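# Structural features, examined
The primary structure of each chain is shown beneath.
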Amino acid sequence: MAQYATNTLEQHWMPFTANRDFKADPRLIVRSEGIHYWNHKGERIIDASSGLFCCAAGHARKEIADAVGRQLMEMDYCTHFQLGHPSSFELARRVAQLTPEGLDHVFFANSGSEAVDTALKIAMAYHHARGEGQRQRFVSRERAYHGVNIGGTSLAGLMKNREAFGAVMPGVVHMRHTWNPEDRFTKGQPASGAELADDLKRICELHGGETVAACFVEPIAGSTGILVPPVGYLQRLREICDEYGVLLVFDEVICGFGRTGKAFAAQSFDVTPDVMTMAKAITNGAQPMGAVVVQDEIYETVVDAAPDGAVEFFHGYTFGAHPAACAAALATLDIYEREKLFERAAELSPYFLDRFFALRGTPGIADLRGYGMLAAFDLGPDGAPGRRGAKAMKRLFASGLYVKFTADCGLVAPPLMAREGDIDDICTILEEVLADI
Ligand SMILES: Cc1ncc(COP(=O)(O)O)c(C=O)c1O
């Protein structure tokens, strides 16, 4: 095992972290396997959030590490501008097999944020190629998280992720979020609220539907706290997009690769978008990778609009479709298929959600939500927003459980290979620790 001794934590400016607080009492992870982490003190911790929704097949999968090692020794890097390597084409074919019919063209990036920014540009390039370049406006939603690049920041619906950065990309209009306090403790989809999708119609009527390029939504709003779409909501968005010629983009960065019990949430909710973004579990977290998958008509329109021999889409990343990431993703998809992890998620979900919703009644828990293998609990606030969540996260970690928090909301998304006993362990620690927060 590689050991990196360090006497200082000062120089690394950590993202989305209270740096001074962390450095005073660090939580360093030095080993991972299955559903477990080990910290620098040798203590074992259950990873109840699959890293950051990445490690669906569990940590430290040898097949993936071996595939990456082999690829790096065979061919470590080539640009994929004007050159190619076989594994990216094979990976695109495999991803297209998993996405809904008609979404068969894949553009690779290195993260969810890059996938989102790529999707924004694809939408603009598509409308431009169709002679509708006036479609420059985007619709997003309150409480949305679409990564941290400038495009994703503009789409963001979380105040803290926006407030310091001003109106970085003008022309983004936000629909209302779908959380309704009257639906607290709803397991699965809330029965009411589909009419909230009509916000998109109102925006199209206000600004002119012909000025709107695309509507971005997470099928289940993830980072903000697992807001499950009301029954009929996504279908209604689809209808309104069709009515106004607006592209529907599903950001599946968290929902994708089995988390909802099917390959993608699009299939779980039976709504086909025009564009899908994905990342995280595409490589089981072992290598950075993001991807955008588009309807064939979008690819063909952009590609056919350019003269023969000319570059069609002026966009791409040095490390997009990196050979090591492609190797990791191919090995990951093999594991998902061999171990039937998407089906397994669907089978385990009722047990997981029943056990999780038994937390209702635990003092301090203000709401529970969940769908598939994704769930969240809200803690009632305690003074400043986030204070109680930070305290809970540290106490849980000290008790052997890692849970990702957004402010006062804990996000629970165990690896899909977890067993019922693991779910019991997670929920027992949650019960014990949260009762006293
Ligand atoms: C829905 C969604 N989109 C985009 C992103 C950004 O992904 P990344 O952190 O890989 O840039 C995230 C990250 O959590 C996400 O949840």
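Residues numbered from 1 in each chain as written. Predicted model: local features only at pLDDT ≥ 70, side-chain atom pairs only at ≥ 80, totals over all residues. Heavy atoms only, no water.

## Quick word on the layout of surface pockets
Taken as a whole, the second largest pocket spans an internal volume of roughly 1,000 Å³. Around the second largest pocket, the lining comprises 29 residues; the ones closest to its centre are His-80, Val-106, Phe-107, Tyr-299 and Glu-312. Those elements that place two or more of their residues in the lining of the second largest pocket are α4 (86–98), β4 (103–109), α5 (112–129), β10 (290–295) and α11 (296–305). Counted by class, the lining of the second largest pocket contains 20 nonpolar, seven polar and two charged residues. (1 Å grid on protein atoms, 1.4 Å probe; cavity = no way out; pocket = protein on both sides within 12 Å on 5 of 7 lines; lining within 4 Å. Points joined across faces, edges and corners; volume = space filled by probe spheres on them. Helix = DSSP H or I, 4+ residues; strand = E, 2+ residues; numbered from the N terminus. Nonpolar A, V, L, I, M, F, W, Y, C, P; charged D, E, K, R; others polar.)

## Looking at the site of the ligand
If you check the shell around the ligand, you find Ser-111, Gly-112, Ser-113, Tyr-145, His-146, Gly-147, Glu-218, Ser-223, Asp-251, Val-253, Ile-254 and Lys-280 and nothing else. In this structure, a nitrogen atom belonging to the ligand sits 2.7 Å away from a side-chain N or O atom of Asp-251. Contact with the protein chains covers 85% of the free accessible surface of the ligand, which is 400 Å². (Near = heavy atom within 4 Å. Polar contact = N/O pair within 3.5 Å; in protein donor to acceptor, adjacent residues only side chain to side chain. Areas by Shrake-Rupley, 256 points an atom, 1.4 Å probe, with all protein chains shown as cover.)

## Here we look at the pattern of salt bridges
Under the criterion given, the structure shown has 25 salt bridges. Across the salt bridge formed by Arg-61 and Glu-339, the nearest N and O atoms sit 2.6 Å from each other. Separated by 278 residues along the polypeptide, Arg-61 in the loop between α2 (50–53) and α3 (62–74) and Glu-339 in the loop between α12 (323–338) and α13 (341–357) bring together distant segments of the chain. For Arg-61, a relative accessible area of 16% gives the class buried. Residue classification places Glu-339 among the partly exposed positions, given a relative accessible area of 30%. We note a salt bridge from Asp-378 to Arg-369, for which the minimum N-O separation is 2.9 Å. On the accessibility criterion, Asp-378 (15% relative accessible area) is buried. (Salt bridge = Lys/Arg side-chain N within 4 Å of Asp/Glu carboxyl O. Buried < 20%, exposed > 50% of the residue type's maximum accessible area, 1.4 Å probe, protein only.)

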